[in-house]
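For reference, the chains in residue letters:
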Amino acid sequence: MKEFALIIVSTVLVNNFVLIKFLGLHPFMGVPRKVEAVISMAIATALALTLSSASSYLLETYLLAPFDLTHLRTLIFILMIAAIVQITVMAVRKMGPVLHQVLGAYLPLITANCAVLGVALLSIQESNGFRVPVTYSFGAALGFPLVLILFSAMGERLEATDVPKPFKGTAIVLITAGLMSMALMGFSGLA
């Protein structure tokens, strides 16, 4: 149990995929400024991260490795992620049409989110049975929304402040991301 808690803390804080490994920057930089929309997008991304990692482990263990198809790993994982995201889009559309309208174009972008593929590939490398990669991806799935929600909340605050003209737009976004990254690097002694 202690091992799983350490994996989760490590992937949420110490090895955060967005701010430390720089995966999934597109949704991070293009995140909507309303926290409610970000929470919905973060939940959908977290679901895709966890499901894709579990599926990638099963595909690797029972299909790719036994039939010596590991050279097709990236292609098969991309197809699997696209299928999982499509299922997620259909589920969101069916369960909450309002939520689907709020998220709009962000849901299909989860397929192109390199964090989802990165977590799937890295969880295979961390593989020590089924539970470790799934715990690894679950921690990444918790860290991704954490960063998105914090960044969105800071974006709302920055819109209300008087930012000097040279720092408006992308400059302040990058400065904020750098400060958040440095803050998370402070947790490196934990795990």
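Description of the structure in this document.

Criteria and thresholds
For every chain, the first residue of the written sequence is number 1, and numbering continues from 1 onward in sequence order. Per-residue local features are limited, in this predicted model, to residues with pLDDT of at least 70; the limit for side-chain atom pairs, both in listing and counting, is 80 or more; totals at the level of whole chains, interfaces and linings are taken over all residues. Side-chain figures throughout are based on the complete set of non-hydrogen atoms in the structure, without hydrogens or water. Under the scheme used here, helices are H or I runs from DSSP no shorter than 4 residues and strands are E runs no shorter than 2 residues, and both carry numbers assigned from the N terminus. A simple rule labels every residue: compare its accessible area, found with a 1.4 Å probe on the protein chains alone, to the largest value its type can have, and call it buried under 20%, exposed over 50%, or partly exposed in between. In what follows, residue pairs with any heavy atoms lying within 4.5 Å of each other are defined as contacts. The Shrake-Rupley method, run with a 1.4 Å probe sphere, supplies the accessible areas, and residue values consider only the shown protein chains as cover. Note on geometry: axes are C-alpha line fits, over the in-contact stretch for helices, and angles between N-to-C directions span 0 to 180 degrees. Orientation is classified from the angle alone, with under 35 degrees giving roughly parallel, over 145 giving roughly antiparallel, 65 to 115 giving roughly perpendicular, and any other angle giving oblique. Crossings are classed by handedness, with left-handed meaning an anticlockwise turn of the near helix from the far one by less than a right angle and right-handed meaning a clockwise turn. Each residue is assigned to one class: nonpolar for Ala, Val, Leu, Ile, Met, Phe, Trp, Tyr, Cys and Pro, charged for Asp, Glu, Lys and Arg, and polar for all the others, Gly among them.

1. With respect to the overall build of the chain
Secondary structure assignment for the chain yields nine helices and zero strands. What you see in the chain, going N to C, is helices and strands ordered as α-α-α-α-α-α-α-α-α. Every one of the 191 residues in the chain was classed for burial, and the buried ones make up 42%. Within the chain, counting contacts between residues at least 6 apart in sequence, those at least 24 apart form 77% of the total. Taken as a whole, the chain presents about 10300 Å² of accessible surface, with 70% of it coming from carbon and sulfur.

2. Considerations on the side chain of Thr176
Along the chain, Thr176 turns up in helix H9 (residues 170-185). The buried category is assigned to Thr176, whose relative accessible area is 7%. In this structure, Thr176 is in contact with Phe151, Met154 and Leu158, ignoring residues within four places of it in sequence.

3. Comments concerning unusual backbone geometry
Even without glycine at this site, Asp68 takes up a positive phi of about 50°. Look at Asp68 and you get exposed, because its relative accessible area is 57%.

4. Details of the packing of helix H3 (residues 35-64) against helix H7 (residues 114-125)
The geometry of H3 relative to H7 is characterised by a closest axis approach of 9 Å and an angle of 40° between their N-to-C directions. Classified by the angle between their axes, H3 and H7 sit oblique to one another. In this structure, the crossing between H3 and H7 has a hand that is right-handed. When H3 is examined against H7, the residues Ala48, Leu49, Ser52, Ser53, Ser56, Tyr57 and Glu60 are found in contact with a partner set consisting of Ala115, Val116, Val119, Ala120, Ser123 and Ile124.

5. Examining the environment of Ala5
Following the sequence through the fold, Ala5 ends up in helix H1 (residues 2-14). It is 9.1 Å that separates the C-alpha atoms of Ala5 and Gly139, two residues lying 134 residues apart in sequence.

6. Regarding the environment of Val92
Position of Val92 relative to the elements: it lies in helix H4 (residues 73-95). Sequence-wise, Val92 and Ala44 are 48 residues apart; in three dimensions their C-alpha atoms are separated by 8.4 Å.

7. A look at the packing of helix H8 (residues 131-160) against H9
One way to put it is that H8 packs onto H9 with a least axis distance of 11 Å and a crossing angle of 135°. The angle between H8 and H9 falls in the class oblique. As for the relative orientation of H8 and H9, their crossing is right-handed in sense. Residues Val147, Leu150, Phe151, Met154 and Leu158 of H8 lie in contact with H9, whose contacting residues are Ile172, Val173, Thr176, Ala177, Met180 and Leu184. Split into classes, the residues belonging to the contact of H8 with H9 amount to ten nonpolar, one polar and no charged.

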